[in-house]
Amino acid sequence: SSSGDEALRDKRARILSRGLPKQKPIEGVKQVVVVASGKGGVGKSTTAVNIALALAANDSAKEVGLLDADIYGPSIPKMMNLKGNPELTPKNLMRPLKNYGIACMSMGFLIEETAPVVWRGLMVMSAVEKLLRQVDWGQLDYLVIDMPPGTGDVQLSVSQNIPIAGAVIVSTPQDVALLDAHKGAEMFRKVHVPVLGLVQNMSVFQCPKCKHETHIFGTDGVKDLAKTLGLDILGDVPLHINIRETCDSGQPVVISQPQSDA
């Protein structure tokens, strides 16, 4: 009977939900957007930093934060030109470091710049929990989370512990990157996080001298993947030296060259 089938479905859902952490919002944060990629080296952190700066630039009334959830390879301190240890509040919460109006928190503020994080999974998960729950964000309209590459413990923990408004998947048009981007999108769907769309990064290189365009990583691969997944393309970003140089120098292109094509 239909009522029996419904009861069985409810029972299965209850069993599957056992052991999953209860989602609890981050205090003071209205919306969380995660920026993720299946593969490393596709420009995910660069995209996350410029998205955070663009959100603030588009509406100066909005407060924006940036959380670096990549424990092993934190990039946000260099890209946001920030150094130093966070101060502690009377409640023993870490105060984010701030630049360009963006409140930032990263494992990179807690260790030496060249020190490797040689930790097992449980220690990494503990660090992620502290970055999520023991930071005094104040009042934020948006918190952009720069996720580590892949679909492992950190991604699952973040997705299951806090309510997420949406995920942005970054990939180059290269086939090996697209395979992992596809997995990343499917992972978010499995944990019921809406995927806002895909960003195609390093899509085309234009020679600064002759202006000839070369598709180093292939043509429109991310656009094809978006069609397959039924998702939107949120941006098509060229492989441009200005984007790389500005992030490396701690002056991301959105803030340092807002009128440029890049």
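Residues numbered from 1 in each chain as written. Predicted model: local features only at pLDDT ≥ 70, side-chain atom pairs only at ≥ 80, totals over all residues. Heavy atoms only, no water.

As annotated in an unreviewed UniProt entry, the protein chain is Iron-sulfur cluster transfer protein NUBPL from Agelaius phoeniceus. The Function (unreviewed entry) comment attached to the protein chain in UniProt states, word for word, "Iron-sulfur cluster transfer protein involved in the assembly of the mitochondrial membrane respiratory chain NADH dehydrogenase (Complex I). May deliver one or more Fe-S clusters to complex I subunits." Here the protein chain is described in UniProt, under the heading Sequence similarities (unreviewed entry), as follows: "Belongs to the Mrp/NBP35 ATP-binding proteins family." (UniProt positions renumbered as here; feature names shortened; annotations may be inferred.)

Asker: So what exactly am I meant to see when it comes to the sheet that holds strand β7 (residues 195-200) here?
Answerer: The strand order across the open sheet formed by eight strands is β3-β4-β2-β5-β1-β6-β7-β10, and the pairing between neighbours is mixed. A strand with exactly one partner marks an edge of an open sheet, and here the two such strands are β3 (97-99) and β10 (233-236). With strand direction ignored, the average angle separating the axes of adjacent strands in the sheet is 25°. As paired elements, strand β2 (residues 64-68) and strand β5 (residues 140-146) share five bridges and run parallel to each other. Of the residues in β5, the one forming a bridge with L66 is V144. The strands touched by helix α4 (residues 121-133) are β2, β4 (102-106) and β5; relative to β2, the strand with the most contacts, the crossing angle is about 170°. (Pairing = 2+ DSSP bridges. Helix = DSSP H or I, 4+ residues; strand = E, 2+ residues; numbered from the N terminus. Axes fitted to C-alpha atoms, helices over the stretch in contact; angles between N-to-C directions. Contact = heavy atoms within 4.5 Å.)

Asker: Would you mind going over helix α6 (residues 175-190) with me for this structure?
Answerer: Under the 1.5 Å per step criterion, the end-to-end length of α6 is 23 Å for 16 residues, consistent within 8% with the ideal 22 Å. Residues of α6 that are buried: A177, L178, D180, A181, G184, A185, M187 and F188. Its buried side turned inward, α6 meets β1 (29-36), α5 (153-161), β6 (166-171), β7 and α7 (221-229). (Expected span 1.5 Å × (residues − 1). Buried < 20%, exposed > 50% of the residue type's maximum accessible area, 1.4 Å probe, protein only.)

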